[in-house]
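# Fold and contact review
Here are the chains, one letter per residue:
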Amino acid sequence: MRAFSYSRAESVADALKGVVGHGETKVVAGGTNLLDLMKADVMRPTRLVDITRLPLNRIEETAEGGLRLGALVTNADTAHDERVRSRYPMLSRAILAGASAQLRNMATNGGNLLQRTRCYYFYDTGTPCNKREPGSGCGAIGGVNRIHAILGASEHCIATHPSDMCVALAALAAEIRVTGPRGERTIPFEAFHRLPGDAPQIDTNLAPDEIVTAIDLPARGFAAHSTYLKVRDRQSYAFALVSVAAALEIEDGKVTAARLALGGVAHKPWRDQAAEEALVGRPADAGSFAVAAEAVLRDARGFGHNDFKIDLARRAILRALQDAAASETP
Amino acid sequence: MTGTIDRVGAAAAETSFLLNGRPVTIRVPPIRRLSEALREDLGLTGTKVGCNAGDCGACTVRIDGRQVCACLTPVGQVAGRHVQTVEGLAVEGPAIGGRGGHEARLTRLQASFHRHGAAQCGVCTPGMLMAATDLLERNPAPTRGEVEDALGGVLCRCTGYRKIVDAVMGAAEDGIAFLVPQAGAAVGARVAKTDGIAKLTGEERYGADAMPADALWLRAVRSPHARARFRLGDLAALRRAWPGLAAVLTAADVPVNRYGIYPTGKDQPALADGEVRYRGEAVLALVGDADTIESLTDADIPIEWEPLAPVTFEAARAGGAPVLHADLPDNVLVRGRVVKGAVDDTFAAAAAASVVEVETAFVEHAYIEPEAGWARRVGDRIEIVACTQTPYMDRDEIAHVMGLSREQVRIVPTAVGGGFGGKLDLSVQPLLAVAAWRLGRPVRWTYSRPESMAASTKRHPARIMARACAGSDGRLLGYDFAGDFNTGAYASWGPTVANRVPVHATGPYHVPHVRALTRALHTNDPPAGAFRGFGVPQAAIAHEALMDDLAAKLGMDPLEFRHLNALRAGEPTATGQVLEASCGLAACIAALREPWRAARAAAEAANRAGGAVRRGVGIGCMWYGIGNTSLSNPSSMRVGLRPDGRIVLYNGAVDIGQGSNTIMVQICADALGLPMDAFDLVTGDTDLTEDAGKTSASRQTFVSGNAAERAGRGLRAELLRRLNVGEDAALRLEAGCVHARDAGGERTLRLADLEPDARGDVLSAVGTFDPPTTALDEDGQGVPYATYGFAAQMAEIAVDLELGTVKVTRIVAAHDVGRAVNPIQVEGQIQGGIAQGLGLALMEEYVPGRTENLHDYLIPTFGDVPEIECILVEDREPLGPFGAKGIGEPALVPTAPAILNALHHATGVRITRAPATPDRVLAALRAAGVGVTP
């Protein structure tokens with residue numbers, strides 16, 4: 001029997017006390033993914049600390065002209081917030097492209113960052129999985145891997161990160177604010193999630209005794225030229241085969257700034273700064289976008305069933321950049 | 001397939017919250033799912049559980065007004081909050097009749113659902129209502145798109161969503177009054193479901209509802225391997241380690257451990273005996289208290305596995321594979337054959353010939369209600385309360401498995417939260433019976449979603465090679481079909497598929513020369529069984545691709561080519577049967593002609609402008625024999641008259657959402673000449689109702705409807721005789737009397753003066769009907785069905801050539817239903833069938849072990865199902881009740897062909913491997929060198 005204790009934290013300090021020194025402790029907020037994983041016997045925490053009552057549920061302006069999204073603001077409230085919609089339309093679209101209305105009402109921004117992969121083998125305790133049981137092997141390599149990674153995978157893990165929201169956050173170069181026994185710190189979005197390497201069981205660089213308190217959006221929201229494109233097997237409520245957050249600033253037909261991040265293709269939201277830089281100074285046209293797409297996918301590799309994703313990702317990048325270039329209003 | 005967290009782990013603690021406006025306090029572990037607490041601890045079973053993973057939305061409730069999944073909400077998180085469930089929706093307003101004479105109240109939204117026929121099986125309805133209530137509170141006049149977004153997290157497998165959207169949009173309309181047809185005007189009326197109110201208030205009881213509080217829990221331990229030998233370890237030690245275990249059942253505990261649909265196909269064990277043949281097969285049953293059963297994980301069970309290489313479909317087709325069942329050395333379960341004329345000669349002489357290869361996948365029924373039920377022993381009888389499509393077959397099968405007489409078995413079917421063929425096979429019943437019989441205590445079992453998907457039957461994957469030819473006059477000459485069907489590990493309904501497909505292989509056309517051969521092959525895949533259409537939907541993809549291709553080769557319009565070749569009354573079918581009436585395909589096709597021409601022209605004009613998104617318009621036609629193939633399948637219905645003047649219809653036909661509880665009353669009422677609202681229904685008990693067969697093969701309206709008509713006419717004849725009035729007398733019920741008026745004046749029969757029978761009826765009549773068919777000879781010649789449904793559907797789609805995505809934008813469906821007994825329900829069947837056909841065409845593919853949940857196995861959502869126009873063609877069937885025949889399966893069959901043909905129209909590329917997912921569409925475009933290559 002996997003017994004565990006359950007407590008409710010009333011303050012951040014309270015929550016940290018609960019977390020410190022208990023390696024098997026998990027914080028639970030919206031709970032939509034963690035409870036699912038505990039049910040499947042994939043995650044086996046011995047302590048749960050419920051943090052839903054912490055005062056991390058506001059969206060506030062930052063001194064730098066951006067927005068601070070509290071870790072406990074729900075995905076729904078974030079997507080529908082008028083400031084987010086007008087200043088960061090790509091983020092709002094990405095959130096609304098994910099999950100369902102019920103889940104967006106429950107899921108929190110912090111929880112969205114920390115959701116685990118949807119790899120079939122991660123969930124199936126009857127198969128090997130290095131993310132679930134380090135050293136047991138990878139069932140997806142050589143198995144059914146249509147939904148798996150084409151970028152940044154390792155011989156130990158080819159799982160993908162399932163979030164839509166995080167793809168937009170990567171493109172926006174958000175920062176994650178965390179707190180722990182060593183105090184507060186800020187993690188650039190790109191450094192928050194990890195590639196699998198030889199330790200695929202570790203998804204993020206959040207320390208076990210830290211909690212996420214907020215996501216900071218920089219002032220630059222790319223409201224004029226941005227989009228989120230999600231290619232999936234059905235029209236709604238399905239994980240992405242490939243998704244693209246694309247954002248441009250354009251002056252006189254030339255790209256002056258670019259952001260490009262992909263979902264459904266890697267162990268983390270996949271932002272490619274080299275591809276972005278390749279766009280700067282070029283005309284905002286199909287030829288430039290093709291160069292960027294090739295750059296993103298230069299090291300892409302399929303594992304059989306997911307080979308199609310390489311070409312699909314190229315096509316999706318082109319479409320997203322074209323849509324972003326064409327869009328004028330959120 | 002392991003234990004869950006619900007009942008274990010954290011210690012109980014008090015949680016207080018408002019529940020439907022009233023303060024409650026419960027003492028449970030704060031991590032318990034809210035859905036479980038509502039259902040098990042607070043007795044509110046209106047909140048349904050379909051997946052326990054946030055994928056289906058059936059458990060949607062409102063917390064502080066906002067819709068959430070109760071299955072993913074820990075009880076501890078609702079402290080101090082307001083939880084609203086379906087039971088809390090209607091707290092004021094006028095009372096109307098509810099379940100069993102209860103007074104029920106409805107909100108305008110619920111009333112609108114009732115009026116629009118938005119609930120079929122009803123198991124998703126509470127979730128839909130809660131999501132819609134949240135929307136309407138914030139936005140009283142939503143657009144269709146806003147409705148689809150807000151409700152998009154609740155899956156429905158029955159309705160195709162259109163009537164739900166209509167109901168939400170129409171919720172602002174006044175009133176909760178519903179149509180009550182006059183005597184004699186019930187058939188053809190758009191009357192609301194007779195059992196509809198309970199589905200809207202949460203009162204309806206499905207398999208997992210109303211379990212006895214003292215029941216033991218049962219859980220099966222299932223094989224993680226597709227093929228393996230296994231040895232059980234020390235079960236006595238397991239019992240000692242887990243004192244809460246009341247029993248650990250093995251194969252040795254099952255009296256007759258082989259069951260199956262056909263007398264010759266009793267090959268499936270309730271518990272595997274040393275060898276498993278598919279992943280998900282049950283090997284042990286654990287019975288005990290809830291905490292123990294929920295805490296035990298597979299890792300706790302001593303089983304030694306010896307995995308073996310599984311037999312794949314490819315290996316079975318090739319021959320020489322390991323043998324699954326010793327009596328079938330080539331793994332061929334059954335061969336089907338229909339041969340007429342000299343097909344090979346026709347191809348040599350034809351003006352045009354086409355060939356197609358079709359490949360389809362396993363498709364999961366994905367009813368939102370997982371299998372569930374409970375059983376108890378009463379003296380020397382066993383009683384099983386469970387969701388099922390076939391209580392009488394269950395009764396006979398359980399008698400067989402238990403070694404009891406059929407009189408010792410009582411089956412009490414609950415409301416069924418969707419079936420589509422998947423609840424025609426035994427699921428929870430045999431092990432519940434064995435456990436309850438041995439232990440003398442009630443035992444309950446609800447499948448988890450992964451268990452339901454792993455253990456239950458599937459649609460047969462097919463590999464089809466077909467060719468057809470036509471003359472220069474455009475008339476079909478020959479059709480040559482060979483189809484292999486993956487029937488999985490056990491026989492189930494495999495023989496039905498293998499025998500039904502050859503009869504239907506040509507499609508609904510007149511073809512002089514036919515050869516149609518099928519094989520059902522055993523593999524180490526899940527048993528493939530009955531699924532809406534029994535193989536005909538797979539075969540239809542082939543014949544409709546061929547019709548399009550032949551039309552193109554002959555320079556004919558695809559619709560006109562089909563119209564020319566449509567089977568008409570007086571022409572022989574492939575089995576030599578000549579339909580004399582109710583052969584309405586040509587009329588269905590003609591009904592599509594105008595929208596077809598307009599849509600084809602519009603699409604072609606749009607495509608001339610170029611761009612990445614291309615439009616296409618396709619057509620699909622079908623036919624479908626109603627009832628069993630060349631087998632007797634009788635139904636009986638009893639109608640009785642009470643001393644107080646109420647009429648009781650003893651209705652053994654199980655309503656799985658399709659609406660037979662309403663149809664049977666409509667038919668019987670008009671046959672009797674008395675109004676529907678004088679009727680009460682007795683359903684759901686093999687002890688109380690006559691055998692109305694199974695709810696499958698689209699047979700209930702036609703077969704049981706005929707029985708209901710005959711019962712009604714029988715009771716009417718008896719009344720007329722006693723009243724001594726003529727055939728055309730008008731009957732009226734009033735104050736316990738039947739009044740009859742004819743040319744001779746008015747006469748009265750006082751019912752209280754008559755002696756009631758054991759049921760309490762003073763008069764009653766039984767009607768029976770068995771469709772007239774003949775056996776098929778060795779060439780498949782004969783009369784396999786008494787009547788057929790026909791249809792033509794047209795699909796409009798948009799294909800993104802760059803991304804490979806396909807969006808269906810509109811479907812027009814013309815169906816010959818003989819007579820629409822209830823047009824709302826016929827439309828509901830058509831729309832729901834279309835949604836399933838769309839899933840088959842574009843997204844559904846079950847991969848054992850990998851897609852055993854509703855986020856990896858995708859079924860259509862609100863956003864996937866387009867506008868659907870239904871055209872009802874009523875070419876009366878003389879044998880049918882008031883001219884009616886079936887619609888359940890016909891609705892699904894033409895949709896996938898129409899969509900795939902539209903894909904061809906849009907792109908010039910033919911995809912015959914379903915589902916046509918974006919990767920397959922892109923691959924096909926690339927292979928053909930078609931499309932915009934950015």
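Scope of this entry: the structure provided in the associated data block. Everything numeric in this text was worked out from a predicted model, so none of it was measured.

## Things to note about the overall build of chain A
Per the secondary structure count, chain A includes 13 helices and 12 strands. For chain A, whose C-alpha radius of gyration is 19 Å, the value lies close to the compact-globule estimate of 20 Å for 330 residues. With respect to the three principal axes, the spread of C-alpha positions in chain A is 60 × 50 × 35 Å. Taking all 330 residues of chain A together, 63% fall into the buried category. For chain A, long-range pairs separated by at least 24 residues make up 64% of all intrachain contacts whose partners lie at least 6 apart in sequence. As displayed, chain A has an accessible area near 11800 Å², and 49% of this comes from carbon and sulfur atoms. Here chain A holds 39 positive side-chain charges and 38 negative ones, and the gap between their average locations is 4 Å.

## Topic: the overall build of chain B
Helix and strand counts for chain B stand at 22 helices and 35 strands. For chain B, the C-alpha atoms occupy an extent of roughly 85 × 80 × 60 Å along the three principal directions. For chain B, the proportion of its 934 residues judged to be buried stands at 68%. Of all intrachain contacts in chain B linking residues separated by at least 6 positions in sequence, the fraction that spans at least 24 positions is 77%. Surface accessibility of chain B: about 29000 Å² in total, with carbon and sulfur atoms responsible for 50%. Here chain B contributes 92 positive and 108 negative side-chain charges, whose respective centroids are spaced 0 Å apart.

## Observations concerning helix α2 (residues 108-116) of chain B
Turning to α2(B), its buried residues number three or more, namely B:Leu109, B:Gln110, B:Ala111, B:Ser112, B:Phe113 and B:His114. Count one or two residues on from α2(B) and you reach B:Gly117, which has phi positive near 65°.

## What to know about the environment of B:Gly736
Considering the arrangement of structural elements, one finds B:Gly736 in the loop between β29 (730-734) and β30 (737-742). Among all residues touching B:Gly736, those that are not within four sequence positions of it are B:Pro643, B:Asp644, B:Gly645, B:Leu749, B:Arg750, B:Leu751 and B:Ala752.

## What to know about the nonpolar core
With 166 residues, the main nonpolar core has B:Phe113, B:Met128, B:Leu151, B:Val168, B:Tyr479, B:Phe481 and B:Leu903 as its most contacted residues. In terms of residue count, the dominant contributor to this core is helix α15 (residues 536-553) of chain B (10 residues). By size, the runner-up hydrophobic cluster in this structure holds 49 residues, among which are A:Leu67, A:Val178, A:Leu206 and A:Ile215.

## Some details on the packing of α15(B) against helix α21 (residues 895-907) of chain B
Residue and element names in this part refer to chain B. The geometry of α15 relative to α21 is characterised by a closest axis approach of 8 Å and an angle of 40° between their N-to-C directions. Relative to α21, the element α15 lies oblique. Crossing of α15 over α21 shows right-handed handedness. Here Ala540, Ile541, Glu544, Ala545 and Asp548 of α15 lie close against α21, whose contacting residues are Ala896, Pro897, Leu900 and Asn901.

## So, the pattern of salt bridges
All names here are of chain B. Summed over all chains, the structure comprises 88 salt bridges over all chains. The shortest N-O distance in the salt bridge between Arg62 and Glu137 comes to 3.0 Å. Within this pair, whereas Arg62 is found in strand β3 (residues 60-63), its partner Glu137 is found in helix α3 (residues 125-138), the two being separated by 75 residues in sequence. According to the relative accessible area criterion, Glu137 is exposed, its value standing at 56%. Between Asp396 and Arg406 there is a salt bridge whose closest N-O contact spans 3.3 Å. Of this pair, Asp396 sits in helix α11 (residues 391-402) while Arg406 sits in the loop between α11 and β19 (409-413); the two residues are 10 residues apart in sequence, bridging distant segments of the chain. The partly exposed category is assigned to Asp396, whose relative accessible area is 30%. Through salt bridges with shared partners, a single ionic network connects Arg376, Arg381, Glu383, Arg410, Asp685 and Asp687.

## Concerning the sheet that holds strand β35 (residues 867-873) of chain B
All names here are of chain B. Read across the sheet, four strands follow the order β25-β33-β34-β35 without closing on themselves; strand pairing throughout is mixed. The open sheet terminates on both sides in strands that have one partner only, identified here as β25 (613-625) and β35. Neighbour-to-neighbour, the strand axes of the sheet open up by a mean angle of 15°, direction not taken into account.

## Quick notes on the state of the cysteines
Two cysteines form a disulfide when their sulfur atoms are joined by a covalent bond. Residues and elements named next belong to chain B. Counting across every chain of the model gives zero disulfides over all chains. The closest cysteine sulfur to the non-disulfide-bonded Cys158 is located on Cys121, 3.8 Å from its own sulfur. No disulfide involves Cys621; its sulfur sits 8.2 Å from that of Cys588, the nearest cysteine. Residue Cys621 is classed as buried on the basis of its relative accessible area of 0%.

## Comments concerning the packing of aromatic side chains
By the definition in use, this model includes 12 aromatic pairs over all chains. Considering the side-chain rings of A:Phe122 and A:Tyr123, the 5.9 Å spacing of their centres and the 85° angle between planes classify their relative orientation as edge-to-face. Taking relative accessible area as the criterion, A:Phe122 reaches 1% and is therefore assigned buried. Overall, A:Tyr123 belongs to the buried group, its relative accessible area being 18%. Taken together through their ring pairs, the aromatic side chains of B:Trp623, B:Tyr785, B:Tyr788 and B:Phe790 make up a single cluster. One Lys or Arg, B:Arg759, reaches over the ring of B:Tyr650 and ends 5.9 Å from the middle of that ring.

## A short note on the interface of chain A and chain B
Interface size is commonly expressed as the accessible surface area that is lost when the partners come together. Residue-level contacts link 58 residues of chain A with 69 residues of chain B. Interface of chain A and chain B: buried area, both sides summed, is about 4900 Å²; carbon and sulfur atoms make up 55% of it. Remark: the boundary between chain A and chain B carries seven salt bridges. The salt bridge partner of B:Arg926 is A:Asp311, with a shortest N-O separation of 2.7 Å. Where chain A meets chain B, there are 22 residue pairs in polar contact (both at pLDDT 80 or more). Looking at the side of chain A that touches chain B, the elements that each hand over two or more residues are β1 (5-8), α2 (34-39), β3 (47-50), α3 (75-80), α6 (101-106), α8 (120-123), β9 (226-231) and α13 (308-326) of chain A. Among the elements that line the side of chain A that touches chain B, the one with the most residues is α13(A), at eight residues.

## Section: the pairing of β3(A)
Residues and elements named next belong to chain A. As defined by bridge partners, β1 adjoins β3 across four bridges and the pair is classed as parallel. Within β3, the position partnered with Ser5 by the bridge is Arg47. Two strands pair when backbone bridges link them, and strand β2 (residues 25-28) and β3 are joined in this way by four bridges, in the parallel orientation. By the bridge assignment for β3, Val28 is matched with Asp50.

## Points about the side chain of B:Lys48
Residues and elements named next belong to chain B. Tracing the chain through its elements places Lys48 in the loop between α1 (34-41) and β3. Here Thr45 takes part through its backbone oxygen, which lies 2.7 Å from a polar atom of the side chain of Lys48. Once residues lying within four places of it in the same chain are set aside, the contact partners of Lys48 are Arg39, Ala58, Cys59, Val123, Pro126, Glu204, Tyr206 and Asp209.

## Description of the environment of B:Val256
All names here are of chain B. Inspection of the secondary structure puts Val256 in the loop between β10 (245-249) and β11 (275-276). In this structure, the C-alpha to C-alpha distance between Val256 and Val401, residues 145 residues apart in sequence, is 4.6 Å. Leaving out residues up to four positions away in the same chain, Val256 has contacts with His400 and Val401.

## A word on the pairing of strand β20 (residues 443-446) of chain B
As defined by bridge partners, strand β8 (residues 216-222) of chain B adjoins β20(B) across two bridges and the pair is classed as parallel. Counted as the bridge partner of B:Trp217 is B:Arg444 from β20(B).

Conventions we followed
Residues numbered from 1 in each chain as written. Chains lettered and ligands numbered in written order. Predicted model: local features only at pLDDT ≥ 70, side-chain atom pairs only at ≥ 80, totals over all residues. Heavy atoms only, no water. Helix = DSSP H or I, 4+ residues; strand = E, 2+ residues; numbered from the N terminus. Rg over C-alpha atoms; globule rule 2.2 N^0.38 Å. Buried < 20%, exposed > 50% of the residue type's maximum accessible area, 1.4 Å probe, protein only. Contact = heavy atoms within 4.5 Å. Areas by Shrake-Rupley, 256 points an atom, 1.4 Å probe, with all protein chains shown as cover. Lys, Arg positive; Asp, Glu negative; His and termini not counted. Charge placed at Lys NZ, Arg CZ, Asp CG, Glu CD. Core = buried A, V, L, I, M, F, W, Y, C linked by side-chain atoms within 4.5 Å. Axes fitted to C-alpha atoms, helices over the stretch in contact; angles between N-to-C directions. Parallel < 35°, antiparallel > 145°, perpendicular 65-115°, else oblique. Left-handed = near helix turned anticlockwise from the far one by under 90°. Salt bridge = Lys/Arg side-chain N within 4 Å of Asp/Glu carboxyl O. Pairing = 2+ DSSP bridges. Disulfide = S-S within 2.5 Å. Phe/Tyr/Trp six-rings, centres within 6.5 Å; stacked < 30°, edge-to-face > 60°. Lys NZ or Arg CZ within 6 Å of the ring centre and 35° of its normal. Buried area = accessible area lost by both parts, 1.4 Å probe. Polar contact = N/O pair within 3.5 Å; in protein donor to acceptor, adjacent residues only side chain to side chain.

In short, shape yes, function no, at least from these values alone.
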